[in-house]
Amino acid sequence: MKQNRFLVIFITGLLLLGAVHAVSANNTASFSPESPLVYIGDTTEISIVFDEIAPEGFAGCEFNITLSNPDAAILIEDVTFPAWATNHLNVLYGDDDLFVSVCDGANEIQPGNTDVTLITFSLKGIANGSTDISIVNPNFDNMPLGNNIAMTLNGASASVTERMPDMIVDAAGSGDYTTITDAVDNANANAWILVKPGVYSEAVVLFDALTITSSDGATDTILDADRSTGFLVYSDGVEISGFTIRNAEPALYLRSADCTVTGCSIIDNTQGIRLRGAENCRIYQNDFMNNAENVVVSTAGLSNTWHSPEMVSYSYVAQNFCNYLGNYWGSSGMDSNGDGLIDAPVVIEAGVNEDSYALAKPTAAYTGELPALPVAEFTADVTTGTAPLTVRFTDTSSGEIDSYAWDFDNDGTIDSTANSPVHCYETAGTYTVSLTVTNRGGPSTAEKADYISVSPEISHITFDPVSREISSGEDAVYTITLNHAPAGLSGYNMTVSLSDPLIGEISAVNLPSWSAMSDTGNVPASSVWIKGSDLSKKVQPGATDVLLASITVTGLSAGSADISLDVTRMDDDDGYPLIPDAGTAQLTVTPSVSLGIIPLSAGWNMISFPFSNAELTIPEGVHETVYVYDPQSQVYVSTTINTLEPGKGYWVAAPNDCTITVSGTPVVNYTADLRQGWNLIGSACSNLSFADLKMTPADTVPGYVYAYDPATQRYAQTTTLSPCGGYWMLAFSDCVMNVTSVPSP
């Protein structure tokens, strides 16, 4: 921490008188107030007070004032020294460090004096929070030998908060009052009155130190005085900002000191401001226009300030400047350097009241300092793909940005003003993309040539259905469809084929009505060529779900076969080839059993019923009541023979050897849930081995089952499951059995 010792100024000679000795007297220096409240954007004054001067007297002191949290408040170089301080120095080393040196060169501070103010400094609120204020590196010396005084240094803590208005005035009725006068009459001293937009036809008289500001600025907050005085101010310390004051005599009448008027449009008045006994007022950044007289000074010789209290960073005619800002007086003068301030001061009262920073244009021409130009940049989630291609662009620009302008196809037209838009490229091509970002400082453009590459859409030809199961001798119809014809369809040649001619054959081909010149190969066949032409252009560009053909396939024998498509030619209406992605389909043929037999022996039989959609012929004497085993409850449950289900085993009784005749469709595959313990299961329509049984989880059953022999009335272990047989299976735990068999043709 740097220090400039006041001894350089005054005490150096005193130190030559003898060695420095600490004085035993204990004195206290404190901040006043000890717990100041600071509003964000405002400043408050804080003093350091010496409670009682030591008997040896007081020569001077030096110390640093520091803050613990400069994010909440900062020190500003605004230090006031008392009159007795003949020599003094202050240096601001940062927002949180102020060095002070002060000397009593005339010996005005006598031993025993109390409540001696050493300095007064200013603290400015920045953000909500608090900060400790401390005195560090102290050196307090007495007289006459300059010995060090032992001190107790009390700290302080400042709270910073946003100031809220004490009253709100709204002519529309949503505030505390509808007139400014009513709010003033009910306000306490030092209150803040916030005025909402509206026209207020009244004359306002102020006897207390009040702050009256508009919420939205002078343009929409108007005080129409109707030839009376707009604001008549009798109290010191009044602040008025953000009003249009019109039709008044005068607009403001200041009869007090230390008042502030700023941000006002004072127009169309007999007098703008009248000053009577007003001094040390600050009047700045106001517009005086169309007034018979802008300022009338009734009491001569009292000085006021006509510019901003601090230098302001501002932009004017697209350039940045920093200077004090005065008022606009209704006409432009010479502005030789183009900074918006006229060269010659506006003289209100020669030598006393002059605006040396008068504005060349109304205050609206002076905006905040122009920011640095932004730097445009962007990315895209995808840059290649087939049409239609949806691309999400993300703005990655830096700097202050007010607006965005996207051109997705380099045609000079703004396509989006969002910061991160989504765009769909409908047609194939290579696209250059640009983004222009703008702030008050100007624009910045990022252009990426050939950034997005869109390939032609890949059309698809599909079968419907993609899979069909039929019985031998049955027919299945498949439609063949083109999902999209972007540029229409002039014609095609293609071949449809079955992978296994033993499973089925194409028995018929039907072409759509739009196909004028069409032809097909001979049917029935396992492979057929098809030709179609759209001479009348009934398939328009952009058409979807275009029917190309429908084929009828007849099942020949049990099994499965793939149906494939080979497109040898397909053109659009412009003669360009279409190269579609062709799908496949599958045909599964199951044997159609016209007659099945379930043999029964006299007595009890364990059977299964691997048929669906079946009709039964039951011999006379066979009991219609059958029994199925419930592994959960471990009991038999009765049901009727006409409700048998595939996959289950049943007990059925016959009076003699006989057969049950079944007409129906054999079941090839089925799934059964097995419980831990014994389960009575059924077979399929053909012989099964344990390789045909898939258990989930694996290894939950032994590698065999038990079959029942009605002749011997005994169980026998077996690894083969015969058609229509019932079997006992032991499960070590709950599991699922998937049965897959290949039906006999």
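As shown above, the structure is provided for reference.
Residues numbered from 1 in each chain as written. Predicted model: local features only at pLDDT ≥ 70, side-chain atom pairs only at ≥ 80, totals over all residues. Heavy atoms only, no water.

Concerning the overall build of the chain
- Looking only at helices and strands, the chain has two helices and 66 strands in total.
- A compact globule built from 745 residues would reach a C-alpha radius of gyration of about 27 Å, whereas the chain, at 51 Å, exceeds it by more than 25%.
- Reported as C-alpha extents along the three principal axes, the dimensions of the chain are approximately 140 × 75 × 55 Å.
- Counting across all 745 residues of the chain, residues that qualify as buried make up 44%.
- Within the chain, counting contacts between residues at least 6 apart in sequence, those at least 24 apart form 64% of the total.
- Accessible surface for the chain amounts to roughly 34400 Å². Of this, 47% is attributable to carbon and sulfur atoms.
- Charged side chains of the chain number 24 positive and 86 negative; the gap between the two group centres comes to 4 Å. (Helix = DSSP H or I, 4+ residues; strand = E, 2+ residues; numbered from the N terminus. Rg over C-alpha atoms; globule rule 2.2 N^0.38 Å. Buried < 20%, exposed > 50% of the residue type's maximum accessible area, 1.4 Å probe, protein only. Contact = heavy atoms within 4.5 Å. Areas by Shrake-Rupley, 256 points an atom, 1.4 Å probe, with all protein chains shown as cover. Lys, Arg positive; Asp, Glu negative; His and termini not counted. Charge placed at Lys NZ, Arg CZ, Asp CG, Glu CD.)

Describing the sheet that holds strand 41 (residues 467–471)
- With mixed pairing, six strands are arranged side by side in an open sheet as 41-50-48-43-46-45. At either margin of the open sheet sits one strand with a lone partner, and together these are strand 41 and strand 45 (519–520).
- Two strands pair when backbone bridges link them, and strand 45 and strand 46 (residues 527–533) are joined in this way by two bridges, in the antiparallel orientation. Among the inter-strand pairings, Asp519 is bridged to a residue of strand 46, identified as Lys531. (Pairing = 2+ DSSP bridges.)

A word on the nonpolar core
- Core analysis: the largest hydrophobic core is formed by 50 residues, its most contacted members being Ile180, Ile193, Leu206, Ile212 and Phe231.
- At the level of elements, strand 12 (167–169), helix 2 (180–185), strand 13 (192–195), strand 15 (204–206), strand 18 (231–233), strand 21 (252–254), strand 24 (271–275) and strand 28 (312–316) are the ones that each hand at least two residues to this core.
- Setting aside anything within four residues of it in sequence, one finds Ile180 in contact with Val169, Val195, Tyr200, Glu202, Val204, Ile212, Leu223 and Phe243.
- Ranked by size, the runner-up nonpolar core spans 36 residues in total, among them Phe31, Ile109, Ile133 and Met151. (Core = buried A, V, L, I, M, F, W, Y, C linked by side-chain atoms within 4.5 Å.)

A few points about the pairing of strand 17 (residues 221–224)
- Side chains Thr221 and Leu223 of strand 17 all project onto a buried face; the interleaved residues Ile222 and Asp224 project onto the opposite face, where all are buried too.
- Note that strand 14 (residues 198–201) and strand 17 share four bridges and pair parallel. Counterpart to Val199 in the pairing with strand 17 is Ile222.
- Of the strand pairs in this sheet, strand 17 and strand 20 (residues 244–246) are connected by three bridges, and their pairing is parallel. Directly across from Leu223, in strand 20, lies its bridge partner Ile245.

Looking at the side chain of Thr262
- Relative to the assigned elements, Thr262 resides in strand 22 (residues 260–262).
- Judged by its relative accessible area of 16%, Thr262 is buried.
- With residues near it in sequence (within four places) discarded, Thr262 still touches Ile240, Ser241, Gly242, Tyr284, Gln285 and Asn286.

Observations concerning the pattern of salt bridges
- Counting across every chain of the model gives seven salt bridges.
- Residues Lys448 and Glu377 are paired through a salt bridge, measuring 3.0 Å at the closest nitrogen-oxygen approach. In this pair, Lys448 sits in strand 39 (residues 442–455) while Glu377 sits in the loop between strand 32 (367–368) and strand 33 (378–380), placing the two residues 71 residues apart along the sequence.
- Exposure remark for Glu377: the relative accessible area of 33% places this residue in the partly exposed category. (Salt bridge = Lys/Arg side-chain N within 4 Å of Asp/Glu carboxyl O.)

Some thoughts on unusual backbone geometry
- A cis amide bond links Ala387 with the next residue in sequence, Pro388, at an omega value of -5°.
- Along the chain, the position of Pro388 falls in the loop between strand 34 (384–386) and strand 35 (389–395).
- The linkage connecting Asp464 with the following residue, Pro465, adopts the cis geometry, with an omega of 5°.
- Its place among the elements puts Pro465 in the loop between strand 40 (460–464) and strand 41.
- Backbone geometry at Asn190 places phi at a positive 70°, although glycine is not the residue there.
- Mapped onto the elements of the fold, Asn190 is located in the loop between helix 2 and strand 13.

A closer look at the sheet that holds strand 26 (residues 287–289)
- An order of 14-17-20-23-26 is seen for the five strands of this open sheet, with the pairing classed as parallel. If you trace the sheet from one side to the other, it starts and ends with strand 14 and strand 26, each paired once. Along the sheet, successive strands turn relative to each other by an average axial angle of 15°, direction set aside. (Axes fitted to C-alpha atoms, helices over the stretch in contact; angles between N-to-C directions.)

Here we look at the environment of Pro138
- Structurally, Pro138 is set in strand 9 (residues 129–141).
- According to the relative accessible area criterion, Pro138 is partly exposed, its value standing at 40%.
- Separated by 73 residues in sequence, Pro138 and Ile65 have C-alpha atoms that sit 9.6 Å apart.
- Ignoring anything within four residues of it in the chain, the contact list for Pro138 reads Glu62, Phe63 and Leu153.

A short note on the pairing of strand 55 (residues 635–640)
- The pairing of strand 54 (residues 625–630) with strand 55 spans six bridges and is classified as antiparallel. The partner of Val628 across the bridge, within strand 55, is Val637.
- Hairpin connection between strand 54 and strand 55: a loop of four residues separates the two successive antiparallel strands, and Gln634 in this loop has a positive phi of roughly 60°.

A short note on a nonpolar patch on the surface
- Side chains of Val205, Phe207 and Tyr234 sit close together on the surface and give an oily, nonpolar patch of about 290 Å² of accessible area.
- Locating Tyr234 in the fold gives a position in the loop between strand 18 and strand 19 (239–241).
- By relative accessible area, which is 36% here, Tyr234 ends up partly exposed. (Patch = residues over 30% accessible without salt bridge, like charges linked within 9 Å, V, L, I, M, F, W, Y side chains within 5 Å.)

Description of the packing of aromatic side chains
- Within this structure, the stated rule accounts for 29 aromatic pairs.
- Ring centres of Phe50 and Phe140 lie 5.8 Å apart, and the angle between their planes is 75°; on these two criteria the pair is classed as edge-to-face. Note that Phe50 is positioned in strand 3 (residues 43–52) and Phe140 in strand 9, a separation of 90 residues in sequence. Phe140 carries the same exposure label as Phe50, and that label is buried.
- Grouped by ring-pair contacts, the aromatic residues Phe50, Phe58, Phe63, Trp84 and Phe140 constitute a single cluster.
- A cation over an aromatic ring shows up here: Arg274 above the ring of Tyr253, its NZ or CZ 5.0 Å from the ring centre.
- Across from the ring centre of Phe378, 4.6 Å away, lies the NZ or CZ of Lys448, which sits over that ring. (Phe/Tyr/Trp six-rings, centres within 6.5 Å; stacked < 30°, edge-to-face > 60°. Lys NZ or Arg CZ within 6 Å of the ring centre and 35° of its normal.)

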